[in-house]
Amino acid sequence: MDREETLEFARSLMKEVWEPFDSSAVARFYHQDVVGHHRRPDEMQELGYADVVNRIDWDKQTNTNGVFDYRDIIAEEGRYAIQYSYRADFAPQDEDGMQDQHTAAAGGRSTWR
């Protein structure tokens, strides 16, 4: 994919998969053999396809009023990086409810299949 196709891919990924937390759309964007990485303070967590689907399903069940604030999308031929912040209300577990705030940076390498 050239730069413009890669940029459109990244935007569509967020719009079709992550913003609505639609795990049924994952197959259009992720290869079954995908390997992702999630940084934690003391470790690097490796994620596979099923982990992505499970995360999206969990987010859909537990987050309400989600807002993605895109700070930057960088695209080159065949790869992209998206920097964003995300915040949402955590789905109430009791009458008082709970709130959670997420901030993340995401990116990846895309290949045309």
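Small disclaimer: the values here were computed from a predicted structure and weren't measured.

1. Side note on the overall build of the protein chain
Here's step 1: In terms of helices and strands, the protein chain carries 2 helices and 5 strands.
Here's step 2: Its helices and strands taken in sequence order, the protein chain reads α-β-β-α-β-β-β from the N to the C terminus.
Here's step 3: Per-residue burial over the protein chain gives 32% buried out of 113 residues.
Here's step 4: Sequence separation of 24 or more characterises 49% of the internal contacts of the protein chain that already satisfy a separation of 6 or more.
Here's step 5: Carbon and sulfur atoms make up 44% of the accessible area of the protein chain, which totals about 8,000 Å².

2. Here we look at the environment of Ser-24
Here's step 1: Looking at the secondary structure, you find Ser-24 in the loop between α1 (3–18) and β1 (36–40).
Here's step 2: Residue classification places Ser-24 among the exposed residues on the basis of a relative accessible area of 59%.
Here's step 3: For the pair Ser-24 and Asp-57, spaced 33 residues apart in the sequence, the C-alpha separation amounts to 9.6 Å.
Here's step 4: In this structure the side chain of Ser-24 is engaged in a polar contact, spanning 2.5 Å, whose partner is the side chain of Asp-22.

3. Details of the confidence of the model for the protein chain
Here's step 1: Residues with a pLDDT of 70 or more make up 80% of the protein chain, whose mean pLDDT is 81.
Here's step 2: The secondary-structure element of the protein chain with the lowest mean pLDDT is strand β5 (residues 100–109), recorded at 46, while α1 shows the highest, at 94.
Here's step 3: The model gives residues 99–113 a pLDDT under 50, and that stretch makes 42 contacts with residues more than four places away or in other chains.

4. As for the packing of aromatic side chains
Here's step 1: One pass over the structure, following the stated rule, counts 8 aromatic pairs.
Here's step 2: Note on Phe-68 and Tyr-84: the rings are 5.5 Å apart at their centroids and 50° apart in plane angle, and the pair reads as tilted. A residue pair is termed long-range when its members are at least 10 positions apart, and Phe-68 in strand β3 (residues 63–76) and Tyr-84 in strand β4 (residues 79–90) qualify at 16 residues.
Here's step 3: A network of ring pairs unites the aromatic residues Phe-21, Phe-68, Tyr-70, Tyr-84 and Tyr-86 as a single cluster.

5. Here we look at α1
Here's step 1: Here α1 spans 21 Å end to end across 16 residues, near enough to the 22 Å set by a 1.5 Å rise per residue.
Here's step 2: Where α1 is buried, its residues meet α2 (49–62), β3 and β4.
Here's step 3: Backbone nitrogen of Glu-4 and a side-chain oxygen of the N-cap are separated by 3.1 Å at the start of α1; the cap is Asp-2.

6. Some words on α2
Here's step 1: With 14 residues, α2 ought to run about 20 Å at 1.5 Å a step, and its terminal C-alpha atoms sit 20 Å apart, in line with that.
Here's step 2: Those residues of α2 that sit buried are Tyr-49, Val-52, Val-53, Ile-56, Asp-59 and Thr-62.
Here's step 3: Check the buried side of α2 and you find it contacts α1, β3 and β4.

Cut-offs applied
- Residues numbered from 1 in each chain as written.
- Predicted model: local features only at pLDDT ≥ 70, side-chain atom pairs only at ≥ 80, totals over all residues.
- Heavy atoms only, no water.
- Helix = DSSP H or I, 4+ residues; strand = E, 2+ residues; numbered from the N terminus.
- Buried < 20%, exposed > 50% of the residue type's maximum accessible area, 1.4 Å probe, protein only.
- Contact = heavy atoms within 4.5 Å.
- Areas by Shrake-Rupley, 256 points an atom, 1.4 Å probe, with all protein chains shown as cover.
- Polar contact = N/O pair within 3.5 Å; in protein donor to acceptor, adjacent residues only side chain to side chain.
- pLDDT = per-residue confidence, 0-100.
- Phe/Tyr/Trp six-rings, centres within 6.5 Å; stacked < 30°, edge-to-face > 60°.
- Expected span 1.5 Å × (residues − 1).

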